[in-house]
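Architecture and fold: a report
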Amino acid sequence: MLRRIVVKIGSSSLTSSEGGLNRDAVRYFAAELAGLIQAGFQPLLVTSGAVAAGFREIGYPERPKLLHEKQAAAAVGQALLMQAYREALAEHRVSAAQVLLTRSDFQNRKRTGNASMAIEELLRQGVLPIINENDTVSLDELKFGDNDTLSALVANLIKAEHLLILTDMDGLYTKDPRLDPNATRITRVTEFTNELYAIAGGAGSAVGTGGMRSKIDAAKIASIGGVPVFVGKVAEPGDLQAALRGDGRGTYFEAHGAALPRKKQWLGFFSTPFGTLTVDDGAEEALIHGGRSLLPVGVKAANGHFHTGDVVEVVNPSGEVLGRGIVNYDAEQLQEILGLPSAEVIKKLDIVHRLEVIHRDEWISLKS
Ligand SMILES: Nc1ncnc2c1ncn2[C@@H]1O[C@H](COP(=O)(O)OP(=O)(O)O)[C@@H](O)[C@H]1O
Ligand SMILES: N[C@@H](CCC(=O)OP(=O)(O)O)C(=O)O
């Protein structure tokens with residue numbers, strides 16, 4: 001299999017704050033992507049910029065805020081974006097296809113499977129998939145909100161070797177560099193700590209949406225799926241390959257997990273939890289480092305109206321999310337056996353289908 005790379009380009013790298021596409025930027029990125037293909041990689045592009053490219057043509061004076069206006073701008077801009085990419089890529093004899101996805105597509109395992117099959121076929125035929133959110137059908141609360149998360153989900157889905165998130169800033173700084181000139185760049189991130197989230201501010205440009213925070217969120221999702229991430233800027237010929245080699249101007253995030261099976265991707269990133277279990281230190285250790293199942297003895301509290309087979313979130317006593325799993329008890333049943341050793345559980349309940357509260361095969365750790 002060729003080496004798969006997901007490249008995400010933000011609105012800030014493709015458009016100006018007054019709106020409209022920067023065609024030189026599109027031509028530059030097309031040349032860089034073609035260079036990757038020539039070097040034996042198989043890139044997939046996740047691109048933003050539809051709203052930013054389209055709003056001026058419609059007549060809005062600035063990037064619209066209302067959902068229906070954003071959707072209208074995206075409908076115009078998406079066509080402009082694709083046209084520009086296709087023309088620029090054709091100069092390098094690269095054919096490109098449009099793939100529009102929503103979060104609800106990822107929530108549905110059949111749809112995810114279909115998307116994956118279509119993308120695989122495009123790659124087999126040597127066509128570059130160009131992916132964006134399907135803005136005209138996305139509801140506000142269901143939106144990815146920004147394409148950083150979408151790019152991480154795509155990277156996990158196709159088991160990419162690397163995710164490159166390209167933006168207008170050359171990496172993550174100790175403070176938003178637009179606000180603090182003394183901020184310094186963080187070149188490597190090994191852990192997703194609270195301090196890391198604290199230093200990331202919102203979008204710095206008038207056209208971007210997520211800022212560095214959404215890039216850290218995306219890097220964490222990719223990292224859990226075994227995909228290392230680069231967040232930074234490319235501007236000169238050859239910069240994209242330099243970023244891939246480890247010589248890029250930006251921040252490198254290490255991968256933690258291994259490639260995830262589709263079921264665990266769904267569990268971790270798309271499922272809806274029906275309750276929360278609070279576990280003690282021993283259970284946290286067993287789940288996070290021991291690779292073991294969760295037993296009733298380690299559960300201190302259970303909240304929510306869940307039934308056997310539902311997804312629940314697991315937290316520690318400080319409220320930190322440890323992961324998600326499929327629970328083997330109804331909420332009422334679990335209340336009766338909280339903190340009990342296994343022998344007591346068997347005595348207390350008439351029928352025990354599965355002793356574990358969450359079996360390790362039906363668990364994903366979200367703490368890194
Ligand atoms: N700690 C930080 N380090 C670097 N950039 C930051 C930080 N906090 C906030 N930012 C802002 O994040 C912006 C990039 O995010 P965004 O505007 O959403 O870009 P894109 O459109 O490429 O996704 C930068 O322009 C920068 O101003
Ligand atoms: N789907 C939207 C993406 C929104 C957006 O601004 O994203 P980003 O620039 O990645 O923060 C678009 O194409 O305009």
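Note that this is a predicted model, so its numbers are computed, not measured.

Rules used throughout
The residue numbers shown here count from 1 along each chain, following its written sequence. Written order decides the labels, with chains lettered from A and ligands numbered from 1. Under the rules for a predicted model, residues below a pLDDT of 70 receive no local features and side-chain atom pairs below 80 are neither given nor counted, while totals for whole chains, interfaces and linings still include all residues. Strands here are runs of E lasting at least two residues and helices are runs of H or I lasting at least four, both read from the DSSP assignment and numbered beginning at the N terminus. With the radius of gyration taken over C-alpha atoms, the globule rule is written as 2.2 Å times the number of residues to the power 0.38. Residues are called buried when their C-beta atom has 20 or more other C-beta atoms within 10 Å, exposed when it has 12 or fewer, and partly exposed otherwise; all C-beta atoms are positioned from the backbone. The contact rule is simple: place each C-beta atom from the backbone, and if two of them lie within 7 Å, those residues are in contact. Boundary definitions for the domains trace back to an automatic or database domain assignment. Pairing between two strands is assigned when DSSP locates at least 2 bridges connecting them. Here the axes come from fitting lines to C-alpha atoms, over the contacting stretch only for helices, and the angles between their N-to-C directions go from 0 to 180 degrees. To decide nearness, the C-beta atom of each residue is placed from the backbone, and the residue is near a molecule or strand if that atom lies within 6 Å of it. Asp, Glu, Lys and Arg are counted as charged, while Ala, Val, Leu, Ile, Met, Phe, Trp, Tyr, Cys and Pro are counted as nonpolar; the rest, among them Gly, fall into the polar class. To count as a nonpolar core, a set of buried Ala, Val, Leu, Ile, Met, Phe, Trp, Tyr and Cys residues must be joined through C-beta atoms within 7 Å. UniProt positions are given in the numbering used here, feature names are shortened, and annotations may be inferred rather than shown by experiment. Working rule for angles: under 35 degrees goes down as roughly parallel, over 145 as roughly antiparallel, 65 to 115 as roughly perpendicular, anything else as oblique. Here is the rule for handedness: rotate from the far helix to the near one, and if that takes an anticlockwise turn smaller than a right angle the crossing is left-handed, while a clockwise turn gives right-handed. Working note: the arc is built from the helix axis to C-beta atom directions.

Helices and strands together make up the secondary structure of the protein, namely 14 helices and 13 strands. Taken over C-alpha atoms, the radius of gyration comes to 22 Å for the protein, in line with the 21 Å a tight globule of 368 residues would show. For the protein, the spread of C-alpha atoms along the three principal axes comes to 75 × 45 × 45 Å. Residues counted as buried form 43% of the 368 residues belonging to the protein. Taking contacts inside the protein between residues at least 6 apart in sequence as the whole, the part at least 24 apart equals 72%.

With that settled, the discussion passes to the domain arrangement of the protein. What the domain assignment reports for the protein is domain 1 (3-263) and domain 2 (272-365). One C-alpha centre belongs to domain 1, the other to domain 2; they are set 36 Å apart.

Here we come to the environment of Pro 237. If you trace the backbone, Pro 237 turns up in the loop between β7 (229-233) and α10 (239-245). Separated by 202 residues in sequence, Pro 237 and Gly 35 place their C-alpha atoms 9.1 Å apart.

So, about the sheet that holds strand β4 (residues 128-133). As summarised here, the arrangement of the eight strands in space is β3-β4-β2-β1-β5-β7-β8-β6, forming an open sheet in which the pairing is mixed. Two strands close off the open sheet at either side, each with one partner strand: β3 (96-101) and β6 (188-189). Here β6 pairs with strand β8 (residues 249-253) via two bridges, running parallel. Bridging across to β8, Val 189 finds its partner in Phe 253. The strands touched by helix α2 (residues 23-38) within the sheet are β1 (3-9), β2 (41-47) and β4, with β2 carrying the most contacts at an inclination of about 150°.

A word on the site of ligand 2. Lining the immediate surroundings of ligand 2 are 18 residues, of which Gly 10, Ser 11, Ser 48, Ala 50 and Val 51 lie closest. Of all the secondary structure elements, the ones that give two or more residues to the shell around ligand 2 are α1 (11-14), α3 (50-58), β4 and α7 (147-157). The dominant element in the shell around ligand 2, judged by the number of residues it contributes, is α3, at three residues. In the shell around ligand 2, the residues fall into four nonpolar, ten polar and four charged.

Before going further, it helps to spend a moment on the nonpolar core. Counting 67 residues, the largest nonpolar core has Val 154 and Leu 163 as the members making the most contacts within it. Contact partners of Leu 163, with chain neighbours within four places excluded, come to Val 6, Ser 151, Ala 152, Ala 155, Ala 222, Val 227 and Val 229. By size, the runner-up hydrophobic cluster in this structure holds 22 residues, among which are Leu 267, Leu 277, Leu 287 and Val 357.

With that settled, the discussion passes to the UniProt feature "binding site: substrate" (unreviewed entry) in the protein. Those places that UniProt annotates as "binding site: substrate" (unreviewed entry) correspond, in this numbering, to Ser 48, Asp 135 and Asn 147. A maximum C-alpha distance of 11.0 Å places the annotated residues, which cover 100 residues in sequence, within one compact spot. For Ser 48, the location among the structural elements is in the loop between β2 and α3. Using a count of 30 C-beta atoms within 10 Å as the deciding quantity, one classes Ser 48 as buried. If near-sequence neighbours (up to four positions away) are discounted, Ser 48 is found in contact with Ile 9, Gly 10, Ser 11, Asn 132 and Asn 147. As for its placement among the helices and strands, Asp 135 is situated in the loop between β4 and α7. Ignoring anything within four residues of it in the chain, the contact list for Asp 135 reads Ala 50, Val 51, Lys 70, Gln 71 and Ala 74.

For the rest of this paragraph, the subject is the sheet that holds strand β13 (residues 358-365). The mixed open sheet is built from five strands, whose spatial order is β10-β9-β11-β12-β13. Edge strands, defined here as strands with exactly one partner in the open sheet, are β10 (299-304) and β13. On average, each strand axis in the sheet is inclined to that of its neighbour by 30°, with strand direction left out of account. The sheet contact formed by strand β12 (residues 321-327) and β13 spans four bridges and is antiparallel.

Take the packing of α2 against helix α4 (residues 67-90) next. Interhelical geometry of α2 versus α4 gives an angle of 50° and a closest axis separation of 9 Å. Taken together, α2 and α4 sit at an angle that is classed as oblique. The two elements α2 and α4 cross, and the hand of that crossing is right-handed. On α4, the residues touching Arg 23, Val 26, Arg 27, Ala 30 and Ala 34 of α2 are Ala 84, Tyr 85, Ala 88 and Leu 89. Across the contact of α2 with α4, the residue classes break down as seven nonpolar, no polar and two charged.

Moving on to the packing of α3 against α4. Put simply, α3 and α4 touch, their axes get as near as 6 Å, and they point 105° apart. For the element pair α3 / α4, the angle class is roughly perpendicular. Contacts between α3 and α4 involve Ala 50, Val 51, Ala 52, Ala 53, Gly 54, Phe 55, Glu 57 and Ile 58 on the former and, on the latter, Lys 70, Ala 72, Ala 73, Ala 74, Val 76, Gly 77, Gln 78, Leu 80 and Leu 81. Here the residues of the contact of α3 with α4 sort into twelve nonpolar, three polar and two charged.

On to helix α11 (residues 262-269). Count 3.6 residues to each turn of an α-helix, and residues three or four apart come out pointing the same way. Of all the residues in α11, the buried ones are Lys 264, Gln 265, Leu 267, Gly 268 and Phe 269. Along the axis of α11, the buried residues cluster in a sector spanning 165°; they form a single face. Each element contacted by the buried residues of α11 is listed here: α7, α9 (211-224), β11 (311-315), β12 and β13.

Before going further, it helps to spend a moment on the UniProt feature "domain: PUA" (unreviewed entry) in the protein. Per the UniProt record, the feature "domain: PUA" (unreviewed entry) sits at residues 275-358. Taken end to end, residues 275-358 is 26% helix and 29% strand, and its first and last C-alpha atoms sit 13 Å apart.

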